[in-house]
Amino acid sequence: MTDRTLTPPPHTEPVVFTRDMLDWLPWIEPMAEQDMTERHLASLVDASRVKSPYFRLLARDPDVLEARTRTDKDIFYNPEAGLPRAERELAAAATSRLNGCIYCASVHARFAATYSKRVDDVQRLLDEGVGARLDERWDAIVAASVALTALPITFGPPHIERLRKVGLDDAAIADLIGAASFFNWANRLMLSLGEPATQGK
Amino acid sequence: MSDVIDTLVGIAPGSKLDAIRAQRSEARKHAQASYTSLFEPREVAGVAAYERHAIAAFVAGLHGEPKTDAFYAAKLPAGLRATVAAEVAAAKSTGPYGRFPKGPLSAEDAPGPTWKVSDTGRTALGARLPAAFEHTHMLVFHPRDAAAPALQALLDAGWSTTDIVTISQLVSFLSYQIRVVSGLSTLASSL
């Protein structure tokens, strides 16, 4: 039997980048909660994710989902040295802005704004795109994220030099590379397996 | 077990970059676990091993990062390797391009082509892989053009919903791995 794609229920599609909370509607069938084995449930890592259609869809390949999630958490949440959390989130938001993932950008712009308290700058990145001028340090982080996201990849020694000049050490640069690269993974899943929807008010 | 990112970047035990990666030991371990679960899965259900490697070689070829390109090409038998190389040559583009949802962002639209596998490639790749390659090209170069009909094309070609999850993870994971290899190689050269 050939599977069919899903028709999402009536919803409002967000047409601008936003820091608002959005929903995500799958185009192919997530696992039903009652069909999930212990392995599927464990692959969610956070039990509460069983309520998310995105994670129940990815749980169809549980080993990859679990490895993906644990990679994600260490890149963004590990507080040890490296790049401050706000700027890891900035790299994620800039990458999502360039690739065009409105859902991912909303989540990570919220985090970037919360951790940096620079709400206006984060909003300007969303409104104006990756060419927005923020300050020297943030511009260097956004430019490096863009260079890692572009194809062909244009990230090179001048980006490293610029990052060092604004105060990033080698561990912080490695974190930036991890965060921007990871969102090239996350954006592609979010963009291609379903669509964002404005939350009902 | 050896770590693919360390191997491709050339990170030696005890080096400065080794110490930096060790500060993110969970990310390092699970990036490798992602690779293993995609290319050496506990059970190869759905997407066959040669199909996984063919798609991977196509993704790496499209990115053109020399070390990952050589690594994944080497996993294919000569005939398939030549077929993939010919499709890469025809498919290579620049990115990310694509359209935004209609509205204020339309001013930023960068429309571009939807790529199709060549007739020769279609014959050589068999029933299911051409659709997977066409989807892969979209994911790599213009992911914001994604829409439900692209997934229906995969289903119509004979892939299941679960296969689509695996293929999507494979292409997306490589989009990460290749950038990490590229980025860390650049960092290594300027330490």
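If you're wondering where the values come from, they're calculated on a predicted model, not measured in any experiment. (Residues numbered from 1 in each chain as written. Chains lettered and ligands numbered in written order. Predicted model: local features only at pLDDT ≥ 70, side-chain atom pairs only at ≥ 80, totals over all residues.)

Give me the overall build of chain A: which residues, what numbers.
Each helix and strand counted, chain A has nine helices and two strands in total. Going residue by residue from the N terminus, the α and β elements of chain A occur as β-α-α-α-α-α-α-α-α-α-β. By the compact-globule yardstick of 17 Å for 201 residues, chain A fits well, its C-alpha radius of gyration being 18 Å. On the principal axes, the C-alpha backbone points of chain A span a range of 55 × 35 × 35 Å. The burial tally for chain A puts 50% of its 201 residues in the buried class. In chain A, once contacts between residues fewer than 6 apart in sequence are set aside, the share between residues at least 24 apart is 65%. (Helix = DSSP H or I, 4+ residues; strand = E, 2+ residues; numbered from the N terminus. Rg over C-alpha atoms; globule rule 2.2 N^0.38 Å. Buried ≥ 20, exposed ≤ 12 C-beta atoms within 10 Å, placed from the backbone. Contact = placed C-beta atoms within 7 Å.)

Just give me the short version of the interface of chain B and chain A, but keep the residues and values in it.
Contacts between the two partners involve 61 residues from chain B, matched on the other side by 55 residues from chain A. Of all the secondary-structure elements, those providing two or more residues to the side of chain B that touches chain A are helix H2 (16-22), helix H3 (25-39), helix H8 (129-141), helix H9 (148-156) and helix H10 (161-188) of chain B. Counting residues per element, the side of chain B that touches chain A draws most heavily on H10 of chain B, which supplies 19 residues. In the side of chain B that touches chain A, the residues fall into 27 nonpolar, 24 polar and ten charged. (Nonpolar A, V, L, I, M, F, W, Y, C, P; charged D, E, K, R; others polar.)

Lay out helix H6 (residues 119-128) of chain A with the relevant residues and their values.
Residue and element names in this part refer to chain A. Those residues of H6 lying buried are Val122, Leu125 and Leu126. Down the axis of H6, the smallest arc covering the buried residues is 95°, so these residues share one side. Tucked inside the fold, the buried residues of H6 contact helix H4 (85-99), helix H5 (102-116) and helix H7 (136-149). Looking at the residues trailing H6, positive phi occurs at glycine 129, about 95°. (Arc of directions from axis to C-beta.)

Tell me about the domain arrangement of chain A, residues and numbers included.
Residues and elements named next belong to chain A. Domain boundaries in chain A define domain 1 (22-75 + 191-198) and domain 2 (84-185). A C-alpha centroid distance of 25 Å is found between domain 1 and domain 2. On the domain 2 side, the residues contacting the seven residues of domain 1 number eight residues. When contributions to the side of domain 1 that touches domain 2 are tallied by element, the ones reaching two or more residues are strand S1 (22-26) and helix H3 (62-77). Per-element tally for the side of domain 1 that touches domain 2: the top contributor is H3, with three residues. Of the residues in the side of domain 1 that touches domain 2, the class split is five nonpolar, one polar and one charged. (Domains from an automatic or database assignment.)

Give me the environment of alanine 127 of chain B: which residues, what numbers.
All names here are of chain B. Inspection of the secondary structure assignment puts alanine 127 in the loop between helix H7 (119-125) and H8. For alanine 127, a count of 9 C-beta atoms within 10 Å translates into the label exposed. Between the C-alpha atoms of alanine 127 and alanine 157, which are 30 residues apart in sequence, the distance is 6.9 Å. Setting aside residues up to four positions removed in sequence, alanine 127 forms contacts with Ala157 and Gly158.

So what about the packing of H4 of chain A against H7 of chain A? Which residues, and what values?
All names here are of chain A. The contact between H4 and H7 brings their axes to 9 Å, and the two run at 50°. The angle between the axes of H4 and H7 places the two elements in the oblique class. Our pair here, H4 against H7, has a crossing hand that is right-handed. Listed contacts from H7 to Glu87, Leu90, Ala91, Ala94, Thr95, Leu98 and Asn99 of H4 are Trp138, Ile141, Val142, Ser145, Val146 and Thr149. (Axes fitted to C-alpha atoms, helices over the stretch in contact; angles between N-to-C directions. Parallel < 35°, antiparallel > 145°, perpendicular 65-115°, else oblique. Left-handed = near helix turned anticlockwise from the far one by under 90°.)

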